[in-house]
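If you want the building blocks of each chain, they are given just below.
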Amino acid sequence: MNTRQKPATNFLRNLQIWWFAFLGKRIRSGDKKAAVIDSYGAPGRGKSGLISVITVSIILLLWWLSTQQEWVPPLFLPSPYIVWQKFLLISCAPTYWQEFQNFLGLTSSTPTECIGFNDATLWQHTIASLKRVFTAFVIAVIFGVPIGISMGMSRIPRGVFDPPIEFYRPIPPLAYLPLTIIWFGIGDLAKVILIFLACFAPLALNARAGVRSVSIEQIHAAYSMGASPTQVIWHVVLKGALPEILTGMRVAIAFGWTTLVAAEMVAAKAGIGVMVLNAARYLATDIVFLGIIVIGLIAYSFDLVMRWVERTFVPWKGKAA
Amino acid sequence: MMSRTTKGDKKASQVVLNLEKVGVVFPGNLGSGDVTALKNVNLAMRDREFIVALGASGCGKTTLLNVMAGFIKPTAGRIRIKGKEVDGPSKDRGVVFEDVWGPGKDRGVVFQKHALLPWLNVLQNTAFGLKLQGVGERERLKISRDNLDLVGLKDFEQHPVFQLSGGMQQRVGLARALTSNPDILLMDEPLGALDAFTRETMQELILNVWHKTHKAVFFITHSVEEALFMATRLIVMSPRPGRITHEYELTFWKDFLDRGDARKIKSRADFIKMRETVLSIIHGEEEPEL
Ligand SMILES: Nc1ncnc2c1ncn2[C@@H]1O[C@H](COP(=O)(O)OP(=O)(O)O)[C@@H](O)[C@H]1O
Ligand SMILES: [Mg+2]
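(A) Quick peek at the overall build of chain A. In terms of helices and strands, chain A carries 13 helices and zero strands. Shown N-terminal to C-terminal, the secondary structure of chain A runs as helices and strands in the order α-α-α-α-α-α-α-α-α-α-α-α-α. When each of the 321 residues of chain A is scored for burial, the buried share is 40%. Summed over all atoms, the accessible surface of chain A reaches about 18,400 Å², with 70% contributed by carbon and sulfur.

(B) Inspection of the sheet that holds strand β1 (residues 15-26) of chain B at higher detail. Residues and elements named next belong to chain B. As summarised here, the arrangement of the four strands in space is β2-β1-β4-β5, forming an open sheet in which the pairing is antiparallel. Two strands in the sheet have a free side with no partner beyond their single neighbour: β2 (35-46) and β5 (84-85). Pairing between β1 and strand β4 (residues 76-81): five bridges, direction antiparallel. When the bridges of β4 are listed, glycine 23 appears paired with alanine 76. Helix-sheet contacts for helix α1 (residues 61-69) involve β1, β2 and β4, and the interaxial angle to β1 is about 125°.

(C) Expanded view of the packing of helix α3 (residues 137-150) of chain B against helix α4 (residues 166-179) of chain B. Residue and element names in this part refer to chain B. Running from N to C, α3 and α4 cross one another at 135°; their axes reach a closest spacing of 9 Å. Between α3 and α4, the interaxial angle falls into the category oblique. As for the relative orientation of α3 and α4, their crossing is right-handed in sense. Contact with α3, carried on its side by Ile143, Ser144, Asn147, Leu148 and Leu150, involves Ala175, Leu178 and Thr179 of α4 and no other residues of that element. Looking at the contact of α3 with α4 residue by residue, the classes come out as five nonpolar, three polar and no charged.

(D) The arrangement of the pattern of salt bridges in detail. Residues and elements named next belong to chain B. Across all of its chains, the model carries 30 salt bridges over all chains by this definition. One salt bridge connects arginine 259 with aspartate 255, and the closest N-O pair in it is separated by 3.4 Å. One end of the pair, arginine 259, and the other, aspartate 255, are both in helix α7 (residues 252-259), four residues apart, so they sit about a helical turn from each other. If you follow the salt bridges from partner to partner, you end up with Glu200, Glu225, Arg263, Lys266, Arg275 and Glu276 in one network.

(E) Quick peek at empty space enclosed by the protein. This model, assessed by the stated rule, comprises four cavities of 30 Å³ or more. Taken as a whole, the second largest cavity encloses approximately 60 Å³ of empty space. Lining of the second largest cavity is provided by A:Ala221, A:Ser224, A:Met225, B:Lys91, B:Arg93, B:Gly94, B:Val95, B:Gly173, B:Arg176, B:Ala177, B:Ser180 and B:Pro182. Put simply, the parts of the chain that give the lining of the second largest cavity at least two residues each are α10 (216-224) of chain A together with β6 (93-96) and α4 of chain B. Looking at side-chain class alone, the lining of the second largest cavity contains five nonpolar, four polar and three charged residues.

(F) Geometry of the state of the cysteines. Residues and elements named next belong to chain A. Under the defined criterion, the tally for this structure stands at one disulfide over all chains. The partner cysteine of cysteine 92 in its disulfide is cysteine 114, sulfur to sulfur 1.7 Å. On the S-S bond that ties cysteine 92 to cysteine 114, the torsion sits near -75°, and the link is left-handed. In this pair, cysteine 92 sits in the loop between α4 (80-91) and α5 (93-104) while cysteine 114 sits in the loop between α5 and α6 (122-153), placing the two residues 22 residues apart along the sequence.

(G) View of the packing of helix α7 (residues 155-168) of chain A against helix α9 (residues 188-213) of chain A. Residue and element names in this part refer to chain A. Packing of α7 against α9 leaves a shortest axis separation of 10 Å and a crossing angle of 135°. Compared by their axis directions, α7 and α9 come out oblique. Handedness of the crossing formed by α7 with α9: left-handed. Contacts from Arg158, Asp162, Ile165, Glu166 and Tyr168 in α7 reach Leu197, Phe200, Ala201, Ala204, Leu205, Arg208 and Arg212 in α9. Of the residues contributing to the contact of α7 with α9, the split by class is seven nonpolar, no polar and five charged.

(H) Broad picture of the site of ligand 1. All names here are of chain B. Contacts to ligand 1 come from Phe26, Val35, Ala37, Ala56, Ser57, Gly58, Cys59, Gly60, Lys61, Thr62 and Thr63. The separation between an oxygen atom of ligand 1 and a polar main-chain atom of glycine 58 is 2.7 Å. A distance of 3.3 Å is found between an oxygen atom of ligand 1 and a backbone nitrogen or oxygen belonging to cysteine 59. Surface burial for ligand 1 is 59%, taken as the share of its 560 Å² of free accessible area covered by protein chains. Elements with a minimum of two residues in the shell around ligand 1: β2 and α1. Among the elements that take part in the shell around ligand 1, α1 stands out by supplying three residues, more than any other. For the shell around ligand 1, the per-class residue count stands at five nonpolar, five polar and one charged.

(I) Looking closely at the environment of B:Thr198. With respect to the helices, strands and loops of the structure, B:Thr198 is situated in helix α5 (residues 196-213). Residues B:Thr198 and B:Ser32, spaced 166 residues apart in sequence, show a C-alpha to C-alpha distance of 40 Å.

(J) Highlighting the nonpolar core. One finds B:Leu19, B:Leu64, B:Met68 and B:Phe218 to be the most contacted residues of the largest nonpolar core, which totals 105 residues. If you tally residues by element for this core, the top one is helix α11 (residues 229-263) of chain A, at 13 residues. Not counting the four nearest positions on each side in its chain, B:Met68 is found in contact with B:Leu17, B:Leu19, B:Leu43, B:Ile79, B:Arg93, B:Leu186 and B:Phe218. One finds B:Leu153, B:Leu191, B:Met230 and B:Leu234 within the second-largest nonpolar core, a separate group that totals 49 residues.

(K) Region of the structure containing helix α2 (residues 122-132) of chain B. Residues and elements named next belong to chain B. Of all eleven residues in α2, ten are buried, a share of seventy percent or more. When we look at burial in α2, the residues that qualify are Val122, Leu123, Gln124, Asn125, Thr126, Ala127, Phe128, Gly129, Leu130 and Leu132. Two or three places before leucine 123, at the start of α2, stands the capping residue asparagine 121, its side-chain oxygen 3.1 Å from that residue's backbone nitrogen.

(L) Geometry of the environment of A:Asn14. Within the secondary structure layout, A:Asn14 lies in helix α1 (residues 7-30). Each C-alpha atom, one on A:Asn14 and one on A:Phe313, is 9.5 Å from the other, the two residues being 299 residues apart in sequence.

(M) Representation of the confidence of the model for chain B within the structure. Residue and element names in this part refer to chain B. On average, residues of chain B score 86 in pLDDT, and 89% of them reach the 70 mark or higher. Per-element confidence in chain B is highest for strand β3 (residues 50-54), whose mean pLDDT is 96, and lowest for β5, whose mean pLDDT is 90. The low-confidence segment residues 1-8, where pLDDT is below 50, has 13 contacts with residues more than four positions distant or belonging to other chains. A low-confidence stretch, residues 101-112 (pLDDT under 50), is modelled with 23 contacts involving residues beyond four sequence positions or located in other chains. Taken over the whole predicted complex, pTM reads 0.80, whereas the ipTM for its chain interfaces reads 0.87.

(N) Representation of the environment of A:Leu60 within the structure. Tracing the backbone through its elements, the reader meets A:Leu60 in helix α3 (residues 49-68). Here A:Leu60 falls in the partly exposed class, since its relative accessible area comes to 46%.

(O) Representation of helix α9 (residues 269-282) of chain B in the model. All names here are of chain B. Its 14 residues give α9 an end-to-end C-alpha distance of 20 Å, which sits within 8% of 20 Å, the value for a rise of 1.5 Å per residue. Within the sequence span of α9, burial applies to Phe271, Met274, Val278, Ser280 and Ile281. Glycine 284 sits one or two positions beyond α9 and adopts a positive phi of about 80°.

Quick notes on the rules
Residues numbered from 1 in each chain as written. Chains lettered and ligands numbered in written order. Predicted model: local features only at pLDDT ≥ 70, side-chain atom pairs only at ≥ 80, totals over all residues. Heavy atoms only, no water. Helix = DSSP H or I, 4+ residues; strand = E, 2+ residues; numbered from the N terminus. Buried < 20%, exposed > 50% of the residue type's maximum accessible area, 1.4 Å probe, protein only. Areas by Shrake-Rupley, 256 points an atom, 1.4 Å probe, with all protein chains shown as cover. Pairing = 2+ DSSP bridges. Contact = heavy atoms within 4.5 Å. Axes fitted to C-alpha atoms, helices over the stretch in contact; angles between N-to-C directions. Parallel < 35°, antiparallel > 145°, perpendicular 65-115°, else oblique. Left-handed = near helix turned anticlockwise from the far one by under 90°. Nonpolar A, V, L, I, M, F, W, Y, C, P; charged D, E, K, R; others polar. Salt bridge = Lys/Arg side-chain N within 4 Å of Asp/Glu carboxyl O. 1 Å grid on protein atoms, 1.4 Å probe; cavity = no way out; pocket = protein on both sides within 12 Å on 5 of 7 lines; lining within 4 Å. Points joined across faces, edges and corners; volume = space filled by probe spheres on them. Disulfide = S-S within 2.5 Å. Near = heavy atom within 4 Å. Polar contact = N/O pair within 3.5 Å; in protein donor to acceptor, adjacent residues only side chain to side chain. Core = buried A, V, L, I, M, F, W, Y, C linked by side-chain atoms within 4.5 Å. pLDDT = per-residue confidence, 0-100. Expected span 1.5 Å × (residues − 1).

Okay, structure coming up:
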């Protein structure tokens, strides 16, 4: 009774406590350089940020060098400069910049006309794809997480959902793309459903694993303190499953992006995927590169956000308690 | 023999928990036969008693505790709390769990075997039971703080539990179990994973807490010294089938509560003699009595 009276304040208080836990950990790990020495032999210890920066720099450098020295024909590998130019061209950034300056009253030139690529600017392509992927992702979370939890929790949903999920999970989306088109048409619905299917399996399976990872001791302890079965589900099992649910979300959104190009293969007006496909048809490798880079950057940024969410909201993940 | 907790107090010998001919048989898997984890266990636990169960691994101690807690239904016999048949866990029995670090092996998924809730801080973990029972915030925080004070964790109430040492985590577990004010406290090797120093401190702390709160305690250990030092009654168990073979009433705890100095008690001649007797039983040098 009491527990449900002020969920908002409870939530805020929990948020605050988590936040302080997070801060405390950051502060403490700041002055704990010795921990690296203490944990001799621990797999994967130490920081890797700088190494990543170096790797990326080397890749960019090699890319630049190989085009500069013309080791590879530009058709196969456009130079970074050309890709950058293409970015300016189809993102219409210079036009927007002119309009912005006009708006501020700094200039009063007529903006250069800009049509992007395939009748849409890079932003329009990106937003069309983002909408598809995130719509599919959100719907998949809404269905996948509860279904996964119910699978972990009781045998009937597990029996019902396990065979279909395990059956379709390894099938490449391209294989059932024709079916989604025949069934759901060539509109956005079919595309969203394809991405939804890609996101759904990892969400459900991770939520299920999360429920199973809750220790029987935690559940027994709650019962011994007078908890009802419903309370155990809400206050122990669901919260205990949270770390794996978040992992599922990370995996799922990555799967979503992986499926994007396939989803946009048929009858998409705008979208990064269709942009890449059309560019390939004209052998416009530079635009293909641009599309790949945009997808990669968006997916990577989202992953960084999810990692931050994990550190902030489930700071106990991977720690013995 | 009478429990010595409080002389002249009639309530002191009231039976709170009664096991009659309790047996537990786990069905075997393919290729292995049934496991008789407990056979014909009789035990009457009196109020304010500190019963310690001692025995080698696999002799059914945890199974016995699980039966008492209501986590396992015995396949034979009956178990009653204050005359009432036990049907599942309830807040009249607080449980402190075995402190096992590292991944568990009894289920498919790798998980940490722990009983505290890592998303709650020390105070919230302690107040968790009262919160679920619908006790108002002010009251539940007061009770929880009192219990944290009792186990010496007053200054740690805002700490996340996953940053605490093993000893401190077990103290949170104890405070949490006490907060629901159970009649009986069940502890499954709560000190098993602690280092020797922390372990001795915790033994003394638990005895003091027991003395102050007047709980009946059932405490599992595989350390003979710990068992002798803490028990008002010691039960020694044997495996295959798991059963109680010996019982002793002990008073070393009383000397500690009266005079302190645990090390001195543990090095006394009568203590060492008792220790050797019990050890030789466990090593099977004597025929079991039952
Ligand atoms: N859930 C179970 N299923 C099958 N056998 C079990 C189960 N739990 C315990 N056992 C068996 O019962 C016996 C007693 O176990 P347990 O009570 O855990 O011993 P202890 O706590 O004294 O080490 C052991 O042989 C163990 O393998
Ligand atoms: Mg055990």
